[in-house]
Amino acid sequence: MKQLQNGFPKDFLWGGAIAANQAEGAWDVENKGPALADVEILPEKYSRENIVGFYHTKEEIEKALSDKVGYYPRRSAIDFYHKFDEDLELMKGMGFKCFRTSFNWSRIFPKGNEAKPNEAGLKFYDRLIDSMIEKNIEPVMTISHYEMPLHLAMEYNGWHSGETIDFFLNLCRVLFERFQNKVKYWIIINQINMVKGWTEFASLGMLKDSFPNDRNSAIYQALHHQLVASAKAKKLAKEINPRMQIGMMNGEDFVYPATSRPEDVFAAMERNRVNNYFCSDVLVRGEYPGYALRYFKNYNITVEITEEDETVLKENTVDFLSFSYYFTQNLSAGDTERPLPNPYIEKSIWGWATDPLGFRNSLNQYWDRYGLPIFIAENGLGALDEVREDGKIHDQYRIDYLSAHIRTMKEAIKDGVQVFGYASWGPIDIISCSQGEMSKRYGYIYVDLDDRGRGSGKRLKKDSYYWYKKVIESNGEII
């Protein structure tokens, strides 16, 4: 009889994750072109529970590029571009086994549609990946994490154009050929299932004033192009080096039914299929599920899917599944467009509910559905950290949050779920994706910068740094 795992595997990949656009800075050095995130201004006033920016017309983008006064936090970020070796050394000090980050597409292809890459950009990633390997940290690289070159959004409406598939595959070929012997684990597109609202620009590269008559069809056509590109990237990777492992990534968007009323239960099930499992069903199972086709029919959504597309999806399913996990919500049949906060769960000041048991539920749901190895690509708590008079950052709240989630991940492994790595978000303070703040901090390492980029940039170890070091040293026995 098969023996269940009683704890974390011996070779478990403990680590952390960031995104290039939230950390690197150096937005215009060494021939880098502007990317989507580089036009996100930090307003003087904003709501912490709402997404800031990521929804622009061409005119607004041009204005942002010429703006010499406004503060665009991702343009400088934490200067990981110049300080990555120092930061990786701190992560090595925690015993990191892996580190997930992304390639900034516009650093390698400044406009996105060039035939040849920018060698200076590639040399930066040579240095970054070599530094990881020298420190015995496994690189887990995301190819697209909200860093599409602006030119592709402005001239092609991003992923809505089928030409973008070819531009993306050109990027993939360059990366696969250059790093095939250094990078084993690849995530093609970050949180590919998140395509409504602010991610229409951040992920799909679609402008605000485009497709006013049938926005839904345009969104799902763009998503279809991402799905096809992912399958073609998998095919390309295996042709170059079969040892490379290609994964897909969801942003977990699971909802519970608001009550036990059958209508609420069914509404939650329907939303989970369309919002949470649709992309993984396509990329893991290799075809569009019937519920998605019915959804398209019910909402008059038109997506052009060719026989060639269907074949490439069927023949090039992914090697592993990854997902980010932060919170869960409730859903009522009476208002399926607006999930509700769960009254049984505490929320952070950003409105994110803490639900560790939901993490175990998600792990089991994915494993039962697909039976593929799972890598946790993100999980963490954004909080307001303060440097105390003793010069230390006492973040017990972060330890409590992560400890509870790691415990439930361990229980999921005991359930039989094959989890091979955990990358908490993020090991070092970076620019918040949703609000553009620096004060929404996730890291074990504090960065002395405020929301306007003022400060020394000095790195300080938080209490959670020493806690996570013990977690890794004990392989999850001390939590």
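Residues numbered from 1 in each chain as written. Predicted model: local features only at pLDDT ≥ 70, side-chain atom pairs only at ≥ 80, totals over all residues. Heavy atoms only, no water.

K.L.:
Any chance you could explain the nonpolar core here in plain terms?
P.N.:
Where a protein is soluble and globular, its nonpolar side chains tend to be buried together. The biggest cluster of nonpolar side chains holds 152 residues, and the ones touching the most others in it are F176, W186, F278, M409 and Y468. Leave out the neighbours within four places in its chain, and Y468 touches W14, G15, M94, F96, I406, Y422, S424 and Y444. (Core = buried A, V, L, I, M, F, W, Y, C linked by side-chain atoms within 4.5 Å. Buried < 20%, exposed > 50% of the residue type's maximum accessible area, 1.4 Å probe, protein only. Contact = heavy atoms within 4.5 Å.)

K.L.:
Just checking my understanding: could you explain helix α14 (residues 396–414) for this structure?
P.N.:
Note on helix geometry: an α-helix contains 3.6 residues per turn, so any two residues three or four positions apart are oriented the same way. Here α14 spans 27 Å end to end across 19 residues, near enough to the 27 Å set by a 1.5 Å rise per residue. Where the residues of α14 are buried, they touch β1 (13–17), α13 (356–370), β9 (374–378), β10 (419–425) and α15 (463–473). G416 occupies a position one or two residues after α14 and carries a positive phi of about 110 degrees. (Helix = DSSP H or I, 4+ residues; strand = E, 2+ residues; numbered from the N terminus. Expected span 1.5 Å × (residues − 1).)

K.L.:
Quick question: what am I supposed to make of the packing of aromatic side chains here?
P.N.:
Applying the stated rule across the entire model yields 45 aromatic pairs. The interplanar angle of 65 degrees and the centroid separation of 6.0 Å between the aromatic rings of Y220 and Y295 together place this pair among those described as edge-to-face. Placement of Y220 in helix α9 (residues 215–240) and of Y295 in helix α11 (residues 290–298) is noted, with a sequence separation of 75 residues between them. Like Y295, Y220 is buried. With a centroid separation of 5.5 Å and 85 degrees between ring planes, the pair formed by F320 and F420 is classed as edge-to-face. One end of the pair, F320, is in strand β7 (residues 320–324); the other, F420, is in strand β10, with 100 residues separating them in the sequence. Three or more aromatic residues joined by ring pairs form one cluster here, namely F80, Y81, F84, F99, F103, F124, Y125, F176, F179 and W186. If you follow R75 out to its NZ or CZ, it ends over the ring of W27, 4.1 Å from the centre. Over the aromatic face of Y277 sits the side chain of R369, whose NZ or CZ is 4.3 Å from the ring centroid. (Phe/Tyr/Trp six-rings, centres within 6.5 Å; stacked < 30°, edge-to-face > 60°. Lys NZ or Arg CZ within 6 Å of the ring centre and 35° of its normal.)

K.L.:
In this structure, what is going on with the environment of G197? I would like to understand it.
P.N.:
If you trace the backbone, G197 turns up in the loop between β4 (185–189) and α8 (199–202). Between the C-alpha atoms of G197 and G16, which are 181 residues apart in sequence, the distance is 27 Å.

K.L.:
Hey, could you run me through the sheet that holds strand β2 (residues 98–102) in this one?
P.N.:
In any sheet, the strands associate via hydrogen bonds between backbone groups, in a parallel or an antiparallel arrangement. Spatially, eight strands are ordered β1-β2-β3-β4-β5-β7-β9-β10 in a closed barrel, and the strand pairing comes out parallel. Going from strand to strand, the sheet's axes swing by 25 degrees on average, the running direction of each strand aside. Note: β2 against strand β3 (residues 138–144), five bridges, orientation parallel. The residue bridging R100 from the neighbouring strand is V140, located in β3. Here α14 sits on the sheet and contacts β1, β9 and β10; the angle it forms with β10, its principal contact strand, is near 165 degrees. (Pairing = 2+ DSSP bridges. Axes fitted to C-alpha atoms, helices over the stretch in contact; angles between N-to-C directions.)

K.L.:
Honestly, the pattern of salt bridges in this entry has me stumped. Any pointers?
P.N.:
Two side chains bearing opposite charge may form a pair once their charged atoms approach each other closely. One pass over the full model with this rule turns up 34 salt bridges. Here R215 and E200 are joined by a salt bridge, their closest N and O atoms 2.8 Å apart. Of the two residues, R215 sits in helix α9 while E200 sits in helix α8, which places them 15 residues apart along the sequence. Residues R215 and E200 agree in their burial class; the two are buried. Across the pair R261 and E263 runs a salt bridge whose closest N-O atoms are separated by 3.8 Å. The class for E263 is partly exposed, based on a relative accessible area of 44%. (Salt bridge = Lys/Arg side-chain N within 4 Å of Asp/Glu carboxyl O.)

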